[in-house]
Amino acid sequence: MAVETEHTWMFRILLFMAFVMNVSTGAMVTAIALGGLLVMIGALSRRQFPLIDSGLAKAVLIYLGVWLICAIGAREQMMSIHAVFGTSYRFLPLFFVLLYVQTKEQVRLLVLVFAISVCINNLTALWQMAAHGSISWRPMGLVHSPTFLGSHMLMAIPVLFFFSRKAYFHSRERIFLLGMALFSLVILILTQTRGAWIAFVLVMIAYVIFERRFRRQLLLGGLVGLICIVGGLLLSHSYSQRLATITDPQMQSNLERTYMWHAAVSMWEEHPVAGVGMDEYGWYYNTVYIPPEAKERPPVGHPELGHGHPHNNVLKHLSEGGILGLAAYFVLHGYIFLRLWRQYKKERYTAAFSCALMGILVFLGVHFEGLTDTNINQLSILTEYCLLMGLSLRAGVLEEG
């Protein structure tokens with residue numbers, strides 16, 4: 001296969017991937033499989049694999065290798081091994097973008113298709129609320145829960161806003177992207193995902209700290225936006241109640257989280273080195289560690305229908321992977337952040353609306369929310385996260401050229 005043909009078809013697959021990213025997990029898996037198959041065909045025809053980013057490849061391989069080791073001692077060894085392999089392909093969009101996005105025009109097309117995907121998801125969320133006839137009903141869009149929809153909005157907002165300021169987009173495209181960023185902020189509020197609300201505020205604080213050139217404008221815009229958002233929340237009794245429960249330790253949802261967090265620590269204390277195995281938390285929590293006072297319980301004899309994670313990314317990795325799994329988690333995502341930070345240091349004095357800073361804000365949004373909800377292991381979230389991490393790194397390099 002000719003290199004030009006491979007690149008042409010691979011970029012078409014990336015466009016399809018961007019389109020289905022917020023629309024269908026099944027189509028997303030199909031797109032990743034097609035991309036992987038195309039890379040393999042190209043490598044076999046030329047008898048040479050493409051030059052992938054070695055640092056990122058090592059970080060991903062370390063992560064997966066450690067989790068395979070952790071799976072050896074799991075209660076259901078094959079299930080945990082299967083979960084590791086099921087996680088592995090979700091990192092491929094990161095490498096696809098770095099390898100096959102070659103021009104700013106391709107970045108432009110990829111971002112516009114991604115924006116359309118976000119728009120479809122957002123419109124679906126609004127339709128769901130209209131169908132239920134209540135503003136207090138929590139929409140989930142085309143993902144699996146309102147919580148996951150909140151994670152998708154945390155990733156979409158910085159990307160759509162930053163690219164709306166780029167000169168290589170046409171004026172109408174920039175208006176569309178900015179409109180989609182604001183639309184996504186509205187959907188973020190409507191999800192009533194408290195962890196995502198907190199994460200968004202923290203991301204905005206980080207943005208003000210990092211972005212020196214536009215700090216006054218950001219503070220003014222943030223203040224106006226905060227007044228509008230808080231005012232809107234207070235006008236709705238259900239939303240104001242939801243906001244008030246953030247700091248209420250006796251609220252049932254908050255209590256259930258503390259039960260799950262304590263259980264995760266207990267699992268780690270009994271399995272300190274390699275944990276209980278990937279995706280095993282649910283069985284252990286619902287059969288061994290769930291306290292008598294917990295009200296959110298699975299049906300008797302069906303632990304698989306109960307909570308399957310501790311609502312915290314760090315505690316999920318600690319309980320299921322022990323010290324080894326947690327270390328692998330920090331190595332992988334710490335290295336991604338390091339790469340973004342190094343790129344940002346190059347861009348911050350030369351590029352307005354640095355793509356690396358955009359990536360940092362996406363990174364922070366996902367991981368801040370990950371302190372109250374387990375999100376990074378979800379198929380739709382991790383694949384989008386990886387694609388956007390690759391786009392943040394690649395677009396910055398192309399803009400420098």
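Refer to the structure above for everything that follows.
A short tour of the structure in this document, coming up. (Residues numbered from 1 in each chain as written. Predicted model: local features only at pLDDT ≥ 70, side-chain atom pairs only at ≥ 80, totals over all residues. Heavy atoms only, no water.)

## Re the overall build of the protein
Counting its secondary structure elements, the protein contains 16 helices and 0 strands. Among the 401 residues that make up the protein, the fraction classed as buried is 54%. Taking the intrachain contacts of the protein between residues at least 6 apart in sequence as the baseline, contacts between residues at least 24 apart amount to 76%. Put simply, the protein shows about 18000 Å² of open surface, and 68% of that area lies on carbon and sulfur atoms. A distance of 11 Å separates the average location of the 29 positive side-chain charges in the protein from that of its 23 negative side-chain charges. (Helix = DSSP H or I, 4+ residues; strand = E, 2+ residues; numbered from the N terminus. Buried < 20%, exposed > 50% of the residue type's maximum accessible area, 1.4 Å probe, protein only. Contact = heavy atoms within 4.5 Å. Areas by Shrake-Rupley, 256 points an atom, 1.4 Å probe, with all protein chains shown as cover. Lys, Arg positive; Asp, Glu negative; His and termini not counted. Charge placed at Lys NZ, Arg CZ, Asp CG, Glu CD.)

## Points about helix 4 (residues 77-88)
The α-helix advances 3.6 residues per turn, and as a result positions three or four apart in sequence lie on the same side. The first and last C-alpha atoms of helix 4 sit 17 Å apart over 12 residues, in line with the 16 Å expected at 1.5 Å per residue. When we look at burial in helix 4, the residues that qualify are Ser-80, Ile-81, Ala-83, Val-84, Gly-86 and Thr-87. In this structure, the buried side of helix 4 is in contact with helix 3 (54-72) and helix 16 (379-400). (Expected span 1.5 Å × (residues − 1).)

## Looking at the pattern of salt bridges
This model, assessed by the stated rule, comprises 10 salt bridges. Residue Glu-6 pairs with Arg-46 through a salt bridge whose shortest N-O separation is 2.7 Å. Pair noted here: Glu-6 is in helix 1 (residues 3-20) and Arg-46 is in helix 2 (residues 25-46), with a separation of 40 residues, a long-range link. What makes Arg-46 partly exposed here is its relative accessible area of 31%. (Salt bridge = Lys/Arg side-chain N within 4 Å of Asp/Glu carboxyl O.)

## Some thoughts on the nonpolar core
Membership of the largest hydrophobic core comes to 124 residues, with the highest contact counts inside it found for Met-17, Phe-163, Tyr-285 and Tyr-385. In contact with Met-17, other than residues within four places in its own chain, are Met-28, Ala-31, Ile-32, Pro-93, Phe-96 and Leu-387. (Core = buried A, V, L, I, M, F, W, Y, C linked by side-chain atoms within 4.5 Å.)

## Looking at the packing of helix 7 (residues 146-163) against helix 16
Packing of helix 7 against helix 16 leaves a shortest axis separation of 10 Å and a crossing angle of 15 degrees. With respect to helix 16, the axis of helix 7 lies roughly parallel. Where helix 7 crosses over helix 16, the handedness of that crossing is left-handed. Across the interface between the two elements, Phe-148, Ser-151, His-152, Met-155, Ala-156, Val-159 and Phe-163 from helix 7 touch Ser-380, Ile-381, Glu-384, Tyr-385, Leu-388, Leu-391, Ala-395 and Glu-399 from helix 16. Taken together, the residues that form the contact of helix 7 with helix 16 break down as 10 nonpolar, 3 polar and 2 charged. (Axes fitted to C-alpha atoms, helices over the stretch in contact; angles between N-to-C directions. Parallel < 35°, antiparallel > 145°, perpendicular 65-115°, else oblique. Left-handed = near helix turned anticlockwise from the far one by under 90°. Nonpolar A, V, L, I, M, F, W, Y, C, P; charged D, E, K, R; others polar.)

## With respect to the packing of aromatic side chains
Scanning all chains against the criterion turns up 17 aromatic pairs. Here the aromatic rings of Phe-162 and Tyr-207 are separated by 5.4 Å at their centres, their planes lie at 40 degrees, and the arrangement is tilted. Residue Phe-162 is located in helix 7, and its partner Tyr-207 is located in helix 9 (residues 194-210); the two are separated by 45 residues in the primary sequence. A relative accessible area of 4% means that Tyr-207 is categorised as buried. Ring centres 6.4 Å apart and planes at 15 degrees place the aromatic pair Phe-337 and Trp-341 in the stacked group. Here Trp-341 and Phe-337 lie together in helix 14 (residues 313-347), a separation of 4 residues that amounts to about one turn. You can call Trp-341 partly exposed: its relative accessible area is 27%. Ring-pair connections join several aromatic residues into one group, and the members of that group are Phe-210, Phe-337, Trp-341, Tyr-344, Phe-363 and Tyr-385. The side chain of Arg-12 reaches across the aromatic face of Trp-9, ending 4.5 Å from its centre. (Phe/Tyr/Trp six-rings, centres within 6.5 Å; stacked < 30°, edge-to-face > 60°. Lys NZ or Arg CZ within 6 Å of the ring centre and 35° of its normal.)

## Topic: helix 2
The end-to-end C-alpha distance of helix 2 is 32 Å, a good match for the 32 Å that 22 residues give at a rise of 1.5 Å each. Along helix 2, the positions that sit buried rather than exposed are Ala-27, Met-28, Ala-31, Ile-32, Gly-35, Gly-36, Leu-38, Val-39, Gly-42 and Ala-43. Turning to helix 2, the residues buried within the fold contact helix 1, helix 5 (92-100) and helix 16. The backbone nitrogen of Gly-26 has a side-chain oxygen 3.5 Å away, supplied by the residue at the start of helix 2, namely Ser-24. Arg-47 occupies a position one or two residues after helix 2 and carries a positive phi of about 55 degrees. (Polar contact = N/O pair within 3.5 Å; in protein donor to acceptor, adjacent residues only side chain to side chain.)

## Structural notes on the environment of Arg-297
Mapping Arg-297 onto the fold places it in the loop between helix 13 (281-289) and helix 14. Judged by relative accessible area, Arg-297 falls into the partly exposed class, the value being 43%. Between the C-alpha atoms of Arg-297 and His-307, which are 10 residues apart in sequence, the distance is 7.8 Å. For Arg-297, the contacting residues outside a window of four places in its chain are Ile-290, Pro-291 and Pro-292. In this structure the side chain of Arg-297 is engaged in a polar contact, spanning 2.8 Å, whose partner is the backbone oxygen of Ala-294.

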